[in-house]
Amino acid sequence: MSKYYLNYLDELESEAIYILREVWSQFENPVILFSGGKDSIIVTHLAKKAFYPAKIPFPLMHVDTGHNFPETIAFRDDLVDKLGVQLIVGSVQKSIDQGRVAEEKGKNATRNALQITTLLDAIADNNVDCAIGGGRRDEEKSRAKERFFSHRDDFGQWDPKNQRPELWNILNGKHFEGEHFRAFPISNWTEMDVWNYIQREQIEIPSLYFAHEREVVWRNNSWIPVSEFLKLEEGEEIVKKKIRFRTLGDITITGGIESEADNVAKIALEVSAMKQTERGNRTDDKRSETAMEDRKRQGYF
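Below is a summary of the structure that appears in this document.

Here is what the cut-offs are and how they apply
Residues numbered from 1 in each chain as written. Predicted model: local features only at pLDDT ≥ 70, side-chain atom pairs only at ≥ 80, totals over all residues. Heavy atoms only, no water. Phe/Tyr/Trp six-rings, centres within 6.5 Å; stacked < 30°, edge-to-face > 60°. Helix = DSSP H or I, 4+ residues; strand = E, 2+ residues; numbered from the N terminus. Buried < 20%, exposed > 50% of the residue type's maximum accessible area, 1.4 Å probe, protein only. Pairing = 2+ DSSP bridges. Right-handed = clockwise from strand over helix to strand, strands pointing away. Core = buried A, V, L, I, M, F, W, Y, C linked by side-chain atoms within 4.5 Å. Domains from an automatic or database assignment. Contact = heavy atoms within 4.5 Å. Salt bridge = Lys/Arg side-chain N within 4 Å of Asp/Glu carboxyl O.

### Here we look at the packing of aromatic side chains
The full count for this structure, using the stated rule, is 10 aromatic pairs. With a centroid separation of 5.7 Å and 75° between ring planes, the pair formed by tryptophan 24 and phenylalanine 58 is classed as edge-to-face. Here tryptophan 24, found in helix 1 (residues 8-26), pairs with phenylalanine 58, found in the loop between helix 2 (38-51) and strand 2 (60-64); they are 34 residues apart in sequence, far enough to count as distant. Assessed through its relative accessible area of 41%, tryptophan 24 is described here as partly exposed.

Written out as C-alpha cells, the structure reads:
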C-alpha cells in the first residue's frame, strides 16, 4: 500500500478545511459559533490547522444562556486565552432583562428557544454575514437537510426548500443586505468520526464527556444533573451515578448516560455500540417530532 494512502479522517479534515477557507474568502465578517461542546471544539481545531501559522481569523461567538455547565464556561475561557482569539458573548439573561424574550415556567422550563433571539441580535449587532457551526447531518433529521453553506433570510430564518445547489465543490455564499449564512464544515462527519478524530489529534475536551460521579435525577428517560436551576417534582429522588454526557447543552436539559468510559478510547468503543442518536438525551428535542426543525426555521443554530 502506498505511503500516501489517504485515511478517511484525512479526507474529512481536508473537506472541512476547504469549507473554512471558502468561508474566509467569500464572506466579510464570519464567526465560529462556539458552545464548548465537542463539535464546536473540533471546528475551532480545524480552523487553527486551516490558517496555521497565522491565528484563527474568526472570532468565537458564544450564546450564553446563563444555565451553562460551569465546566463548559471554564473550558471556553481557557481555550480563548490559549488561542488568543476574540470572544463575542450574547447573553440570554440580558435579552430577558430587556424584555426581548420571556422566561419559560414549569418543571421542564428551558432557555433553549430563547437563544434564537439572542443569537440573531448578536449576529446583527456584529454585522456577521456567516456563522460557522458544528452541526452534523447524522445528529438529527432536520440537520440532515443542511447544506455546507446554509442560507438565512433577512429575518434569520431557514427555509430547507430554498437552499443553493452545491455541485462538486462549488459553494455559493452570495446574499442580499441583511441576509446571512450558516456554514457547517463537519456536516459529513458522524459521532464516531468525531471521537476517532479527537483521539488521533489528541484534542482537549471538557471533563463532562468522561464518566464521573454526579448527583442526578431520573427524568424524561435521562439522568438530569442536579443544579440550582433544577426544580424537583414530588417523587423525584436525587441519586449519585457514574455518568457522562454525549452532547452538551444547558445543564437543565442535557441528560447523561450511565457509563464507565473515562477516556477517549473507551468512549469511541462505547459509541460504536450505541443504538440511539447522541441527541436522544436532550429534553428540548423531545417536545415534538419537529422540535429541532421548528427552532431552526426561527433562526436556531
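### What to know about the pairing of strand 3 (residues 87-91)
Burial along strand 3 is one-sided: Ile88 and Gly90 are buried, while Leu87, Val89 and Ser91, pointing the other way, are not. Relative to strand 3, strand 2 runs parallel, the two being bridged by five bridges. Note on strand 3: the bridge partner recorded for leucine 60 is leucine 87. Tracing the backbone out of strand 2, into helix 3 (residues 70-83) and back to the parallel element strand 3 gives a crossover that is right-handed.

### Observations concerning the nonpolar core
Considering soluble globular proteins, one finds that nonpolar side chains tend to be buried as a cluster. If you look at the biggest cluster of nonpolar residues, it comprises 55 residues, and the most contacted ones within it are Ile42, Leu46, Phe58, Ile132, Trp189 and Trp195. Of all elements in the fold, only helix 1, helix 2, helix 3, strand 4 (130-132), strand 6 (180-183), helix 6 (191-201) and helix 7 (264-272) reach the threshold of two or more residues within this core. Residues lining this core come from more than one domain, with at least three contributed by each of domain 1 (8-193 + 290-298) and domain 2 (204-285). With sequence-adjacent residues up to four places away left out, tryptophan 195 is seen in contact with Lys38, Ile205, Tyr209, Arg244, Val264, Ile267, Ala268 and Val271. Val31, Val63, Ile88 and Leu114 belong to the second-largest nonpolar core, a separate cluster that totals 14 residues.

### Quick look at helix 6
Residues Glu191, Asp193, Val194, Trp195, Tyr197 and Ile198 constitute the buried set of helix 6. In the core, the buried residues of helix 6 are packed alongside helix 1, helix 2, strand 9 (239-244) and helix 7. With its phi angle positive at about 55°, glutamine 202 sits one or two positions after the end of helix 6.

### Examining the pattern of salt bridges
Tallied over the entire structure, the rule returns 21 salt bridges. Note that aspartate 10 is salt-bridged to arginine 200, the shortest N-O span being 2.7 Å. In this pair, aspartate 10 is assigned in helix 1 and arginine 200 in helix 6, connecting sequence segments 190 residues apart. Of the residues examined, aspartate 10 reaches a relative accessible area of 24% and is grouped as partly exposed. Sharing partners across several salt bridges, the network here consists of Asp10, Glu13, Lys49, Arg200 and Glu201.

These figures capture arrangement, not role.
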